[in-house]
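Structure assessment
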Amino acid sequence: MHHAFTLADETLHALPSGALYWPAQRLLCVSDLHLGKSERLARRGGALLPPYETRETLSKLDADIDRTQPAHVVCLGDSFDDLAAAEGLEDTARLWLARLMAGREWTWIEGNHDAGPVDLGGTHLARLTLGSLTFRHIADPAESDEISGHYHPKTRIKGSSRPCFLLDAHRLILPAYGTYTGGLRSEDAALRALMQKGALAILTGHRALPVPL
Amino acid sequence: MHARLHCASAPAAAQPLSPNPLKQKPLPPTPNPPYLPGMTLPQPLTDWFSAKGWTLHAHQQAMLARAKDPATLLIAPTGGGKTLAGFLPTLAELGTTPPPGLHTLYISPLKALTADIRRNLRTPVEGAGLPIRVEDRTGDTTYTQRRRQRADPPHILLTTPESLALLLSYEDAPRIFQSLQRVVIDELHALAESKRGDQLMLLLSRLESLSPNLRRVGLSATVEDPPALARFLAPQACNILQADPGPDPDIAMLETDDPPPWSGGGGRYAMRAILDQVRRHRTTLIFHNTRAQAELFFHDLWLQNDEGLPIGIHHGSLAREQRERVETAMVEGKLRAIVCTGSLDLGIDWGDVDLVIQVGAPKNVKRLVQRIGRANHRYNAPSKALILPANRFEVVECRAALDAVRDHTLDGEPRGPGPRDVLCQHILLTAAAGPFCADALYGEVTRAGPYAALTRPEFDACLDFCATGGYALRAYDKWQRLQEKSGKWQLRDPRTAAIIRQNLGTIIDTETLKVRLRNRLGGTPLGEVEEGFASTLTPGDTFLIGGQVVRYEGLKEMTVEVSRQPGRDPKVATFNGTKFATSTLLTERILAIFQQESWPDLPTHTARWLALQRDVSRLPSPDRLLVESFPHDGREHLCIYGFAGRNAMQTLALLVTKVMEEQGLAPLGFVATDYATLIWGLDPVTDAAPLFDLARLRDGLETWLAGNAVMKRTFRASAIIAGLIERSHQGRRKSGRQATFSSDILYDTLRKYDPDHLLLQVTREEAERGLVDFARIEDMLARVAGRIDLIRLPRVTPLAAPLFLEPNKIPVHGTGRDRMVEEAARKLMEEAGLA
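1. Some details on the overall build of chain B
- Counting its regular elements, chain B contains 30 helices and 28 strands.
- In chain B, once contacts between residues fewer than 6 apart in sequence are set aside, the share between residues at least 24 apart is 74%.
- Entry remark: accessible area of chain B is about 34200 Å², with carbon and sulfur atoms responsible for 51%.

Written out as structure tokens, the structure is:
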């Protein structure tokens, strides 16, 4: 079950999966997919992690797209663990992405991991403004009415830690959507400095649960 | 082959010496030392020993006599000069004109022990003026010192398994070890109990390839199966030397005026009696089974210690500075007692300990015997020990343990085959040192005791895991970690060697946070608590650490900052450390005690309790499974007397409640102890047999229990050891958290996409033992062979009653976890006025 809230007078839905849905625009937004992470680590001589995270992340995205039938999908940066990982995607993953993209608008916002266009179709932008909301990868403290990702916020309740959205009157920060992603505690100074008093954390999981930050 | 050697009994001790090197206890000169073939000690050393009034024990002579044999296991009690026995052949061979190069490697499980042995070995070496260089090398050794040791090794190097692993991962390992003649492994019995032992045996095989004439010596405390330990040390051939075990210990149950409570641990009811014992002895070690109990006990002890007897506390979660302060005070004879845990099971002699008190049932006879041995201030005088049952059930267990000590029966589960995660690490270590040939490495590995039965396909699967990750999806053929080039395996990227070295070792720390007193200068370190416990704290909470109550102030750069605040009712830090399950031997003895007609050996309160149980229900017996069903307080209860040890009884509870849920019996919760599991729910169980169907239980283990936190923790440990994930270093956790993610994600991903992966196989194997301990459920069901007695009773039975008082009740919930979180979230929103 999603959690509905308003930002800049727009009604938005935080989905339990960590995706954001904007009904008025039929827009689905996901952040920090980090596709190809295991491949990048292996390439750099690091650990050989189970090479299944791309299909796991894509099947999660597939399910959200299937449920919301969006007209527009925005990937909010760090969609790929690096540009080489985007090029190195297996054919099955490429085909899968192509199928998801078919028949809808698709925007890749540039992240710090994947700066630059990738050879996968869709529109590539540094940021996107729609109506009164701006989508960018990293929150800009000077700006308002913005939706961003990057920090992978998570919060702890009853001893278990979960990825979460962070919401205050000015901004929304999305959790990381990718399978192989860690998190930054919501009480970390970097996030505290960005979020105002009275901010909420919206936990992902079985259902989207708001708690005071 | 066995050789049982006795040394002459000592009518009177010679001059006591101080310091007392190498636990060597003074004995009177033997008039005519028997002629022994083998080695002789250099004259200056013999002279120095004579000047000190020392004579070698029989087992020390025997070690010299057998110095040329390829492998020897020496079993000797604490205080028998075991370590000196291990070094004598080295001193004999090196003599007065030692050739340059490394001659002997000494390996101990404890860093502190290597430093201590270095000091004590230097005393005779320098005393006799022998030009022998003795150095230690551990994680604490400086970088320059370590560099120098590699370039110019000492004659005798004292180290730990982990430091040896690191040395062997360097390309110059062949040069360092080319002259090596002997390896001496101290406390082998302790190392053999964990994966550190498996790793060490692989390292010995490696060393043997580098120096083919290598001889190995294992030193061990008393163990239940010496031939098995000998096969572990050297599967080809190994001498076993047993030193005179000395007189039987003087051990008894500590009787108190008040009977022990019905449940709980810690033995705080007997504080007065314990203080009284401390007063009547010079130095007492008070052993506890858990750190949390040691903390609570120590806190209470000080509240009742009216005379202000100097008493310290020592356990593995205290800061090194704190522990060292206690150790120093102990060696100087300034303490009358130390409240401690397994952290003092091993290690140097702590001054003149004349009494050991074991608080709580010992769970394991072998460990009890080894602990008793710590009260050894006089070799050949009986060690004195008291055991204190913490509750009524433990009275029976303590009785069983005393009987076992008297009968010289020791427990111990047979070792499983060498774990494959350790082998994976060894393959990576070998690759870090240089290219290797798979055939040769397989041969080397199977010469190590724990891996003697390893098949070639098993080895190849481990090699494949190291090279490609071993996934069903061949994703990394381009980015292999190891590549085969002209018949030799090597690292694709040489920089990988540094990562491998950083992750060597098989000790997996739980994620802990340091605790410091908050002040301007950074504060005194007090110890550490587990991250999970720290996350439950809010500023103002108080908790116990190192026997003092502190107030949680906040978290700063991954350090828990506290201030002193005496007197409040504190929380107790939880430590996920080892909670030992009662051994099979002890549970068998307990069940045998239950079968007695009467119990003259037990205190009256306990004998009456058992008699009453026999009247209203039955007592559990070895070849049947007693299951009681009764209503209480509006709930139905089921009590299963499985006697399979804490871990297995908990696993059994998880599996049985799952079956009950499927049957619509609405279980609500359970509590498990070493002896029994109590389950409560809405409906009574009328047919017990389906609950204990082995196939169904095993199915539950394979399917839904596989998602259990215990399994995830088991996986994490294996994944770190095998090199799938890197250890989380303190520094990295501070900075790059977004990059690191929980190993649970990897576990879930593998279960979903690659269920037969090597590391899942290893995780399942581990689940058979250790925390899940499914093997003991199987043993229990085999023992009762379907003879299950379900008895319906009108009310709680005497034996079941204490279970109601047990802490750690575990709720059963299908979707309950989510409900709990939702409820908590709703409350928080309400409190914040946001609902």
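2. Here we look at the sheet that holds strand β4 (residues 27-30) of chain A
All names here are of chain A.
- Read across the open sheet, the seven strands follow the order β1-β2-β3-β4-β5-β6-β7; overall the sheet is mixed. Sheet topology places β1 (3-7) and β7 (123-125) at the edges, where each strand pairs with a single neighbour. Direction aside, neighbouring strands of the sheet carry axes that sit 25° apart on average.
- Both β4 and strand β5 (residues 72-75) contribute to a ladder of four bridges, which runs parallel. Bridge pairing links Val-30 to Cys-75 in β5.
- Most of the contacts of helix α2 (residues 53-68) go to β4, to which it runs at about 160°, and overall it touches β3 (20-22), β4, β5 and β6 (105-109).

3. Quick look at empty space enclosed by the protein
Residue and element names in this part refer to chain B.
- Per the stated rule, a full pass over the model turns up five cavities of 30 Å³ or more.
- Elements with a minimum of two residues in the lining of the largest cavity: α16 (420-433), α19 (496-502) and α25 (709-721).
- The dominant element in the lining of the largest cavity, judged by the number of residues it contributes, is α19, at three residues.

4. Digging into the domain arrangement of chain B
- Taken domain by domain, chain B consists of domain 1 (2-242), domain 2 (250-406), domain 3 (420-502), domain 4 (512-572) and domain 5 (617-817).
- Once you take the C-alpha centre of each, domain 3 of chain B and domain 4 of chain B turn out to be 43 Å apart.

5. Remarks on the environment of Arg206(B)
Residues and elements named next belong to chain B.
- With respect to the helices and strands, the residue Arg-206 is situated in helix α9 (residues 195-210).
- In this structure the C-alpha to C-alpha distance between Arg-206 and Leu-233, which are 27 residues apart in sequence, comes to 14 Å.
- Beyond its immediate stretch of four places on either side in the chain, Arg-206 contacts Leu-168, His-426, Thr-430 and Glu-444.
- Here the side chain of Arg-206 touches Glu-444 through a polar contact of 2.9 Å, side chain to side chain.

6. Examining the interface of chain A and chain B
- Contact residues are listed per partner, giving 41 residues for chain A and 44 residues for chain B.
- Where chain A touches chain B, the interface holds one salt bridge.
- Measuring nitrogen to oxygen at the nearest pair gives 2.8 Å for the salt bridge that ties Lys752(B) to Glu56(A).
- For the interface between chain A and chain B, the tally reads ten residue pairs in polar contact (both at pLDDT 80 or more).
- Elements with a contribution of two residues or more to the side of chain A that touches chain B: α1 (37-43), α2, β11 (153-157), β12 (160-167), β14 (184-185) and β16 (209-212) of chain A.
- Element by element, the count of residues in the side of chain A that touches chain B is highest for α1(A), at five residues.
- Among the residues forming the side of chain A that touches chain B, the class breakdown is 16 nonpolar, twelve polar and 13 charged.

7. Looking at the pattern of salt bridges
- Counting across every chain of the model gives 56 salt bridges over all chains.
- One salt bridge connects Lys195(B) with Glu766(B), and the closest N-O pair in it is separated by 3.1 Å. Of the two residues, Lys195(B) is situated in helix α9 and Glu766(B) in helix α28 (residues 758-768); the sequence distance between them amounts to 571 residues.
- Under the relative-accessibility criterion, Lys195(B) is labelled buried at 15%.
- Taking relative accessible area as the criterion, Glu766(B) reaches 22% and is therefore assigned partly exposed.
- Because the salt bridges share partners, they merge into one network encompassing Glu39(A), Arg40(A), Arg43(A), Asp81(A) and Asp82(A).

Conventions adopted
- Along each chain, residue indices are assigned from 1 in the same order as the chain's sequence is written.
- Following the order in which they are written, the chains are lettered starting with A and the ligands numbered starting with 1.
- With pLDDT at 70 or above as the cut-off, local features in this predicted model cover only qualifying residues; side-chain atom pairs require 80 or more to be listed or tallied, and sums for whole chains, interfaces and linings still use all residues.
- Only heavy atoms go into the side-chain values, all of them from the structure, while hydrogens and water stay out.
- Each helix is a run of H or I in the DSSP string that is no shorter than four residues. Each strand is a run of E no shorter than two, and both are numbered from the N terminus.
- Residue contacts follow a heavy-atom distance rule, with two residues in contact if any of their heavy atoms lie within 4.5 Å.
- Note on areas: these come from Shrake-Rupley sampling with a 1.4 Å probe, and a residue is covered only by the protein chains present in the view.
- DSSP bridges decide pairing: two strands pair if at least two such bridges lie between them.
- Whenever a helix is involved, its axis is fitted only over the stretch in contact; in every case the axis is a line through C-alpha atoms, and angles between N-to-C directions fall within 0 to 180 degrees.
- Cavity: a set of points on a 1 Å grid over the protein atoms alone where a 1.4 Å probe fits but cannot get out. Pocket: an open set with protein on both sides within 12 Å along at least five of seven lines, its lining residues, like those of a cavity, having an atom within 4 Å of a point.
- Grid points are joined across faces, edges and corners, and a volume is the space filled by probe spheres set on the points.
- A domain assignment, automatic or from a database, supplies the domain bounds used here.
- Definition of a polar contact: a pair of N or O atoms within 3.5 Å, with one able to donate and the other able to accept a hydrogen when the atoms are protein atoms, and with sequence-neighbouring residues admitted only if both atoms are side-chain atoms.
- In what follows, salt bridge is the name for a side-chain nitrogen of Lys or Arg lying within 4 Å of a carboxyl oxygen of Asp or Glu.
- Under the grouping applied here, Gly and all other residues not named as nonpolar or charged are polar, the nonpolar ones being Ala, Val, Leu, Ile, Met, Phe, Trp, Tyr, Cys and Pro and the charged ones Asp, Glu, Lys and Arg.
- For each residue, the accessible area found with a 1.4 Å probe, counting protein chains only, is set against the maximum for its type, and the residue is called buried under 20%, exposed over 50%, and partly exposed in between.

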